[in-house]
Amino acid sequence: MLHEYLERKRRDNVALYNATGACHICGSSCRNKRGFSHAMECESSRPSPSAGCAFVSDRVHSDGYGDGDSMVPRADRSAMKVCPCFDQGEDDPDYSPYSIRVCEMCIKNDANVGRILHCGMCGVVACDEDCGPVMYECTDHEKWNNAGCVECRSKSDFSELPLFRDRPPPGGAPRATRVCERCLAAATPWVRHDFECRVFRCRRRLVPSDVVEYKRARRFGSSPLNVLPEDGLVAIAGYLSGAELRSLFQTCSALCRVAERVARDRSVASAGLLPAGPIVETKRKDGFGQSRDWLYFEGTAGHDVRAPDDQKVWVGVHHFIQKVTRDVFYFDFQMSGPGADDTAVERFLQRESRFAFGGAYVRPGRAEARTLDHLVPYAGPTPGLVVRGGTVHVTESNALATPVAMTSDVPLPPAGRVRLIVRIFVPGSGGPRPTRDVEHYKLGSVGLVRTGQVPSESAPLAPPVQWAVRSDLVENWLKEDVVAGVDYDAGAGTLVVHSNSHTSRLTRFQAHTTQVDAGAPGELYLAAQLLPKAAGTVQSILSVREVADDAEWSRFLDHVALEGTHLVRPAPAAAAAGPA
């Protein structure tokens, strides 16, 4: 312990200091306009025989006026700091008979000495290493060149180290000798700078002094934005993209709490869109046996991904939500290549309304089926199949005994156009296969379901719920996912499906147009389903999202035409030029 003799003397007189309200270091309890009085003030020049030292008298002023009856008012009490265990009862588990109370002047005079356990950032004090906050000792070397703590280097205090001996520049503060664990974690939450003393069996934690001073110089108030309240800063940071928010968190310690609040609000707002946690980062083999990196949400936890369960901070949680959303909802074609839209995922997550599934139907038994497309409501639940928003996630093998058609939560509008992107991902699918087993390689279907029909004389067997249009999606040759762009035009009564589902490796994307009787009785709902091959594979996922505008749909068609051979969109100049 630094200054062991002085500390032993303090502990011998701690009862006297506590009785008089004096500082445990200097023994003074008063201050005046000239500053703190660090002399032991006593009623007489003789020491108390019982205490073995002089004592502070409440009747004597620190500025030398009278015996307590003077007309001059007594000097103000000095500002004191106490440790967390100060003034605790003996029955309290945190009780310590040697708790400390120290005045501000003693803390100031202790600069570059380090006798008082004092955090240089928040100002909290401790009576020993087991009291309250965990203190990290500042040192003059990095971890790779660790020379040990002050005590293990046989130094009496920090002033014997050249780094702490130097005087601070004019107007600057002396170097901090210690910093508490909470302040260090708040200043650098993404990386740890502390390390253990190099001496064997010494468990004291050290931190480079240059790191602490760098963070002290950039505390609250160092940035021009910090003149605003935190709520105002959150509103400003809310305009940042995900990448900019992560960069702000990693580079600006003064605003990392603001970035954390914005990331938390965004993550909570996207709850229910993706499968539940935990977050899994691993590798898998695709249909061609190639090893690929794989990031996904397992969906087995009872809560959405959150901090600190899945990541230490909310900024990290939001970063993984963006990465998984980009993959699950097929945003890669928008966010790569020429004219990439880096904020497409961010805008999608901030939408107030998104596509969501609202109903489930299954095919009835043969005795009850009126037609091949007849459906009946399904109450569920199906173990191993999780429906959240616009996603259907398989968490157990063989989740479906019979295909379940999931319909949208609202019917399609009677006028206008609706455009959606549907994706089915099945791990390990794809690769060469014989064309004669097409039925085995079907992964799902997409189309329209009509509800609310009433049997009539012309159609006595018309079921109340049935498929109006259905297009099967077959396993891809070259990829592990099947993508379909659905374009429903209520005015023209057409449904166009742009799909890379095929039975031949010579084609990639194809367009299928089907006429829909929009004037028939009942309401139309968009429907999608997983067939047994996809439903029997763990971590298969079906996702549906609505296209935001014409520009996004046009980019999707350009992407489809670029990859496919049956869709070719001629350039306007070439189309207008005509034959040569």
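For clarity, every value in this text was computed on a predicted model and none was experimentally measured.

S.K.: What is the right way to read the overall build of the protein from this model?
M.R.: Assigned secondary structure in the protein consists of 14 helices and 26 strands. Out of the 580 residues in the protein, the part that is buried amounts to 47%. Contacts spanning at least 24 positions in sequence make up 67% of the contacts within the protein whose residues lie at least 6 apart. If you sum the accessible surface of the protein, you get close to 30300 Å²; carbon and sulfur atoms cover 52% of it.

S.K.: Looking at this structure, I do not really get the pairing of strand β8 (residues 135-139). What am I missing?
M.R.: Regular strands have side chains that alternate between both faces of the sheet. Judged by how many residues are buried, β8 sits mostly within the fold: five of five residues are covered. Neither face of β8 is exposed, since M135, E137 and T139 on one face and Y136 and C138 on the opposite face are all buried. Here three bridges tie β8 to strand β9 (residues 178-180), and the two strands are oriented antiparallel to one another. Opposite Y136, over in β9, you have V179 as the bridge partner. The pairing of β8 with strand β11 (residues 205-208) spans three bridges and is classified as parallel. Following the sheet pairing, C138 is matched in β11 by V207.

S.K.: Sorry, what's going on with the sheet that holds strand β19 (residues 417-425) here?
M.R.: Within a sheet, each strand pairs with its neighbour through backbone hydrogen bonds, oriented either parallel or antiparallel. Across the sheet, which stays open at both edges, the seven strands sit in the order β16-β17-β26-β19-β22-β23-β24 with antiparallel pairing between neighbours. The open sheet is flanked by β16 (385-388) and β24 (510-515), the only strands paired with a single partner. On average, each strand axis in the sheet is inclined to that of its neighbour by 15 degrees, with strand direction left out of account.

S.K.: Could you clarify how one ought to interpret the nonpolar core in this entry?
M.R.: Nonpolar side chains in soluble globular proteins tend to be buried together. Ranked by internal contacts, the top residues of the largest apolar core, which has 39 residues, are L274, F297, I321, F329 and F331. Contributions of two or more residues to this core are made by α7 (230-237), α8 (242-251), α9 (256-269), β12 (279-285), β13 (291-297), α10 (314-328) and α11 (344-349). Among the elements that take part in this core, α10 stands out by supplying seven residues, more than any other. Grouped together as the second largest cluster of nonpolar side chains are 37 residues, V394, L473, L495 and L530 included.

S.K.: Can you help me understand the packing of α9 against α10 in this one?
M.R.: Between two packed helices, the angle of one axis relative to the other and the distance separating the axes together describe the packing. At their nearest, the axes of α9 and α10 sit 8 Å apart, and the two run at 40 degrees to each other. Taken together, the axes of α9 and α10 are oblique relative to one another. As α9 packs across α10, the resulting crossing turns out to be left-handed. In this structure, α9 uses A259, E260, A263, R264, R266, S267 and V268 to contact α10, whose residues at the interface are W314, V315, V317, H318 and I321.

S.K.: Looking at this structure, I do not really get the sheet that holds strand β21 (residues 465-474). What am I missing?
M.R.: Pairing within the open sheet is antiparallel, and its six strands lie in the order β15-β14-β18-β25-β20-β21. One side of each edge strand has no neighbouring strand; the edge strands of this open sheet are β15 (376-377) and β21. Pairing of strand β20 (residues 442-451) with strand β25 (residues 523-530), which is carried by eight bridges, proceeds in the antiparallel orientation. Looking at the pairing, R450 lines up with L524 of β25.

S.K.: For this particular structure, what's the right way to read the side chain of S540?
M.R.: Looking at the element boundaries, S540 is found in the loop between α12 (532-535) and β26 (541-546). Owing to a relative accessible area of 0%, S540 belongs among the buried residues under this scheme. Reaching out from S540, the side chain makes a polar contact with the backbone oxygen of A534 at a distance of 3.0 Å. Here T537 takes part through its backbone oxygen, which lies 3.0 Å from a polar atom of the side chain of S540. Non-local contacts of S540, meaning those with residues more than four positions away in its chain, are made with V392, H393, V394, F425, V426, P427 and A534.

S.K.: In this structure, what is going on with the pattern of salt bridges? I would like to understand it.
M.R.: Pairing between side chains of opposite charge can happen when their charged atoms approach one another. Applying the stated criterion across every chain, the model contains 28 salt bridges. Between R204 and E137 there is a salt bridge, with the nearest N and O atoms lying 3.8 Å from each other. One end of the pair, R204, is in the loop between β10 (195-196) and β11; the other, E137, is in strand β8, with 67 residues separating them in the sequence. The pair formed by R204 and E137 is uniform in burial state, with each residue classed as buried. Measuring nitrogen to oxygen at the nearest pair gives 2.6 Å for the salt bridge that ties D194 to R205. Of this pair, D194 sits in the loop between α5 (181-187) and β10 while R205 sits in strand β11, placing them eleven residues apart in sequence. Residue D194 is classed as buried on the basis of its relative accessible area of 9%.

S.K.: How do you make sense of helix α6 (residues 209-216) when you look at a structure like this?
M.R.: Given 3.6 residues to a turn, an α-helix orients residues that are three or four positions apart in the same direction. Most of α6 sits out of view: six of its eight residues are buried. For α6, every residue scored as buried is listed here: S209, V211, V212, E213, K215 and R216.

S.K.: How should I be thinking about unusual backbone geometry in this particular structure?
M.R.: Residues apart from glycine generally show negative phi values, whereas peptide bonds are mostly found in trans. A cis amide bond links G277 with the next residue in sequence, P278, at an omega value of 0 degrees. With respect to the secondary-structure elements, P278 resides in the loop between α9 and β12. Between A307 and the following residue, P308, the backbone shows a cis peptide bond with an omega angle of 5 degrees. On the secondary structure map, P308 appears in the loop between β13 and α10. One non-glycine residue, N112, adopts positive backbone phi at about 65 degrees. Within the secondary structure, N112 is located in the loop between α3 (104-109) and β6 (117-118). Phi angles above zero are rare outside glycine, and R201 is one such case at about 70 degrees. Note on placement: R201 falls in the loop between β10 and β11. R201 sits in the exposed class, given a relative accessible area of 68%.

How each quantity is defined
Residues numbered from 1 in each chain as written. Predicted model: local features only at pLDDT ≥ 70, side-chain atom pairs only at ≥ 80, totals over all residues. Heavy atoms only, no water. Helix = DSSP H or I, 4+ residues; strand = E, 2+ residues; numbered from the N terminus. Buried < 20%, exposed > 50% of the residue type's maximum accessible area, 1.4 Å probe, protein only. Contact = heavy atoms within 4.5 Å. Areas by Shrake-Rupley, 256 points an atom, 1.4 Å probe, with all protein chains shown as cover. Pairing = 2+ DSSP bridges. Axes fitted to C-alpha atoms, helices over the stretch in contact; angles between N-to-C directions. Core = buried A, V, L, I, M, F, W, Y, C linked by side-chain atoms within 4.5 Å. Parallel < 35°, antiparallel > 145°, perpendicular 65-115°, else oblique. Left-handed = near helix turned anticlockwise from the far one by under 90°. Polar contact = N/O pair within 3.5 Å; in protein donor to acceptor, adjacent residues only side chain to side chain. Salt bridge = Lys/Arg side-chain N within 4 Å of Asp/Glu carboxyl O.

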